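The residues making up each chain are set out below.
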Amino acid sequence: MNTLIAYFSYTGHTKGIAQQLQELTGGTLFEVKPATPYSDDYDTTERQGRKETKDGYRPELAEMPAELASYDTILLGTPNWFNTVAPPMASFLADSDLSGKKIALFCTNGGGGLGHTVADIRAICKDAEILDSINIYEDGGSGARGNLSDWLKKIGVIK
């Protein structure tokens, strides 16, 4: 199985989870980045992110992964931004042909759970198979690796 681990991370929590998933699967890491980076100031980015998600804004991305067609499975990482995927991840999903791909979401959050991220991904990726998702509080804590391994087994990415 050829696996892409595509993630957007602002605080670093999602990136840390993506790196653990790469170690567990041997998949290819790809960081989704907006062409114009967000501010380093958390409050500024929170206001901008709130407006972008409310408006359905999808920012231009710095780059897209090479040879996306060669991947069977995409482990998709995003923080929960106002109950949905972060705008750069929405851009990645909308700008990619994910027909026939298996997509499994790992969603980091500060207490908001999955929100409606799964429903939003389904709406954007109508021709993809959406596998079970995993909800991760902040960086997942000391049990993150075990929980990720269990999730990957459950969705059939590793044995």
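Report follows, based on the coordinates.

What counts as what
- Residues numbered from 1 in each chain as written.
- Predicted model: local features only at pLDDT ≥ 70, side-chain atom pairs only at ≥ 80, totals over all residues.
- Heavy atoms only, no water.
- Axes fitted to C-alpha atoms, helices over the stretch in contact; angles between N-to-C directions.
- Helix = DSSP H or I, 4+ residues; strand = E, 2+ residues; numbered from the N terminus.
- Parallel < 35°, antiparallel > 145°, perpendicular 65-115°, else oblique.
- Left-handed = near helix turned anticlockwise from the far one by under 90°.
- Contact = heavy atoms within 4.5 Å.
- Nonpolar A, V, L, I, M, F, W, Y, C, P; charged D, E, K, R; others polar.
- Core = buried A, V, L, I, M, F, W, Y, C linked by side-chain atoms within 4.5 Å.
- Buried < 20%, exposed > 50% of the residue type's maximum accessible area, 1.4 Å probe, protein only.
- Phe/Tyr/Trp six-rings, centres within 6.5 Å; stacked < 30°, edge-to-face > 60°.

### As for the packing of helix H1 (residues 13-25) against helix H5 (residues 144-154)
A pair of packed helices is captured by two measures, namely the crossing angle of their axes and the spacing between those axes.
Next, step 1: H5 packs onto H1 with a crossing angle of 55 degrees between their chain directions and a minimal axis gap of 10 Å. In this view, H1 runs oblique relative to H5, as classed from their interaxial angle. Here the hand of the crossing between H1 and H5 comes out right-handed. Within the contact between the two elements, H1 uses Ile17, Gln20, Leu21, Glu23, Leu24 and Thr25 and H5 uses Ala144, Arg145, Leu148, Ser149, Trp151 and Leu152.
Next, step 2: Considering only residue class, the contact of H1 with H5 consists of seven nonpolar, three polar and two charged.

### Comments concerning the nonpolar core
Next, step 1: Formed by 27 residues in total, the largest nonpolar core has its most connected members in Leu4, Val32, Leu76, Met89, Phe92, Leu93 and Ile121.
Next, step 2: Looking at this core, the elements that each hand over two or more residues are strand E1 (3-7), strand E3 (73-81), helix H3 (87-95), strand E5 (102-109) and helix H4 (117-124).
Next, step 3: It is H3 that provides the largest number of residues to this core, a total of four residues.
Next, step 4: Phe92 has contacts with Leu4, Ala6, Phe30, Val32, Leu61, Met64, Pro65 and Leu76, leaving out every residue within four places of it along the chain.
Next, step 5: The next biggest cluster of nonpolar side chains, apart from the first, holds 18 residues, and it includes Ile134, Ala144, Ile155 and Val157.

### Some thoughts on the packing of aromatic side chains
We describe a pair of aromatic rings using the distance from one ring centre to the other and the angle between the two ring planes.
Next, step 1: Inspection of the entire model under this criterion finds six aromatic pairs.
Next, step 2: Pairing Phe8 with Tyr38 gives two aromatic rings, centres 6.0 Å apart and planes at 65 degrees, and the pair type is edge-to-face. Linking Phe8 in the loop between E1 and H1 with Tyr38 in the loop between strand E2 (28-31) and helix H2 (42-55), this pair joins segments that are 30 residues apart in sequence. When sorted by exposure, Phe8 lands in the same class as Tyr38, which is buried.

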